[in-house]
Amino acid sequence: MPGTLSFDDLKSRVADGTIDTVLVCAVDMQGRLMGKRFHAVNFVETSFKETHCCNYLLATDLEMATPEGYAATSWRKGYGDYVMAPDLSTLRQVPWLEGTAMVLCDILDHHHDPVPHDPRGMLKKQIARLADLGFEAQMATELEFFLFEKSLDDIRKSGFADLTPISGYNEDYHIFQTTKEEHVMRPLRNHLFAAGLPIENSKGEAEAGQEELNIRYAPALDCADHHTIAKHAVKEIAWQQGHAASFLPKWRPDRVGSSSHVHQSLWQDGKPAFHDPQADLGMSDLMRHYMAGLIAYAPDYTFFLAPYVNSYKRFAKGTFAPTKTVWSIDNRTAGFRLCGDGTKGIRVECRIGGSDLNPYLAQAAMLAAGIKGIEDRMELAPPTKGDVYDDAKAADIPRTLRDATETLRRSDFLRQAMGDDVIDHYTRCAEWEQEEFDRAVTDWEIKRGFERA
Ligand code: ADP
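Residues numbered from 1 in each chain as written. Predicted model: local features only at pLDDT ≥ 70, side-chain atom pairs only at ≥ 80, totals over all residues.

## Thoughts on helix α9 (residues 298-305)
Moving on, step 1. Of all 8 residues that make up α9, 8 are buried, and the element is covered over most of its length.
Moving on, step 2. Taken together, the buried positions of α9 are occupied by A298, P299, D300, Y301, T302, F303, F304 and L305.
Moving on, step 3. Here the buried face of α9 lies against α8 (285-296), α10 (359-375), α11 (401-409), α12 (412-418) and α13 (420-439). (Buried ≥ 20, exposed ≤ 12 C-beta atoms within 10 Å, placed from the backbone. Helix = DSSP H or I, 4+ residues; strand = E, 2+ residues; numbered from the N terminus. Contact = placed C-beta atoms within 7 Å.)

## Digging into the site of the ligand
Moving on, step 1. Lining the immediate surroundings of the ligand are 13 residues, of which A140, Y217, H263, S265 and R347 lie closest.
Moving on, step 2. By residue class, the composition of the shell around the ligand is 4 nonpolar, 6 polar and 3 charged. (Near = placed C-beta within 6 Å. Nonpolar A, V, L, I, M, F, W, Y, C, P; charged D, E, K, R; others polar.)

## Some points on the domain arrangement of the protein
Moving on, step 1. Domain parsing of the protein yields domain 1 (7-111) and domain 2 (128-446).
Moving on, step 2. Using C-alpha coordinates to define each centre, domain 1 is positioned 25 Å away from domain 2.
Moving on, step 3. With 18 residues of domain 1 in contact, the opposing surface of domain 2 contributes 23 residues.
Moving on, step 4. Broken down by element, the side of domain 1 that touches domain 2 gets its largest block of residues, 3 residues, from strand β4 (residues 81-93).
Moving on, step 5. By residue class, the composition of the side of domain 1 that touches domain 2 is 11 nonpolar, 5 polar and 2 charged. (Domains from an automatic or database assignment.)

## Quick look at the environment of A296
Moving on, step 1. For A296, the location among the structural elements is in helix α8.
Moving on, step 2. Residue classification places A296 among the buried residues on the basis of 20 C-beta atoms within 10 Å.
Moving on, step 3. Taking the C-alpha atoms as reference points, A296 and T319, 23 residues apart in sequence, are found 23 Å from one another.

## So, the UniProt feature "domain: GS catalytic" (unreviewed entry) in the protein
Moving on, step 1. Within this numbering scheme, the UniProt entry marks residues 119-453 as carrying the feature "domain: GS catalytic" (unreviewed entry).
Moving on, step 2. The span residues 119-453 is 41% helical and 15% strand by assignment, and the distance between its end C-alpha atoms comes to 45 Å. (UniProt positions renumbered as here; feature names shortened; annotations may be inferred.)

## Some remarks on the pairing of strand β1 (residues 21-27)
Remember that side chains alternate between the two faces of the sheet whenever the strand is regular.
Moving on, step 1. Burial analysis of β1 places 5 of its 7 residues in the buried class, the great majority of the element.
Moving on, step 2. Here 7 bridges tie β1 to strand β2 (residues 33-39), and the two strands are oriented antiparallel to one another. If you follow A26 over to β2, its bridge partner there is M34.
Moving on, step 3. Where β1 folds back on β2, the antiparallel hairpin that results is connected by 5 residues, among which G31 adopts a positive phi of roughly 85 degrees. (Pairing = 2+ DSSP bridges.)

Below, the structure written as structure tokens:
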């Protein structure tokens, strides 16, 4: 792809002055890019080997708070450093910022061992487990988000009151309305493409101001890297154009939410291992086992697809967001949709994830579930049909963050696949989010009770 840089390319661009800044970034628990802006000369001379960050970066919340209760990091332990180790295979230009390149890092401890709860490391671990079984995962994550008329700064200063979407009506597949948004979306597609991301398309989504960006499927780690860089670019390019982009899954109760569907297939020796032309629907036994694991363990890993209190507001009947952990054939009311049946492009789409998911954690958890299905040769139930929202027999997705925290805490399967330390860490992360919410007094409570209670 254009835009991905070898280290030698970077050195020559630094020498000729076309690149002067390198963003050295790790990915935090929330899926955000965190790091430092290096002078490019310093990066190519020394910092390409490693730099350091405070270890609270993998234990903080959206507000950069320092919650108690993490075994790995605390005031008592003194909040020391982690090593940020640049993965030079991710070096690329950042075409929407002048003279700038970017590299993603793995997070290591003082002994240069991987930190077990580093999201990127967690995905690498599941990819390695899958490789031991002889397979490679290809994934695609869709990015949905809203664009607003005003900038993020103006909206924040208005107390988040002035939330006018960039368009006045549902723009699902609309070409005319999305033409009016091309000052944001065209540079987004083109800059990301020039940064080496295989952009497929953007389209209007099923609400006023809602957009979708699609990136071609790629090996799982690349897919998560692409998602993270693209989400970051959406916010920066919208900001450059004076608008706000939000990935909050549900910003108004009467509008559909934003999701991040994840398409998944396994491959062996460059061939699609989910496809068996002789089998029913073209689904190989491998695919059936993988999907059985994915579906059976969905409640265990829902936290990794829906990590905030707000994420659960999206799961509403009749909104295209699912409420049930069942599968169906090309039917958008179920949690899992079979796509491309009978073809080499056969894959499963998980529709549970919100636009706020961390793609490394989501993919790590789903791969772990699929691997469990393969290892235990789990049987896939028949597909559900019709409007799955009303299927009383179908199992529910956990309805609240509180429920999902408990299914995570009690998940023996995830503890085995990821380690007790990792699951304890993320359970604490989930608990903290709920505790913070429970301390808040919301606008709704004030409006409802101020006068009439
Ligand atoms: P739809 O419009 O129904 O969502 P698309 O044809 O746009 O479906 O595909 C959705 C996503 O699935 C795209 O990002 C595409 O790259 C991805 N995809 C296609 N084939 C595969 C595959 N074999 N494995 C994983 N993802 C795939």
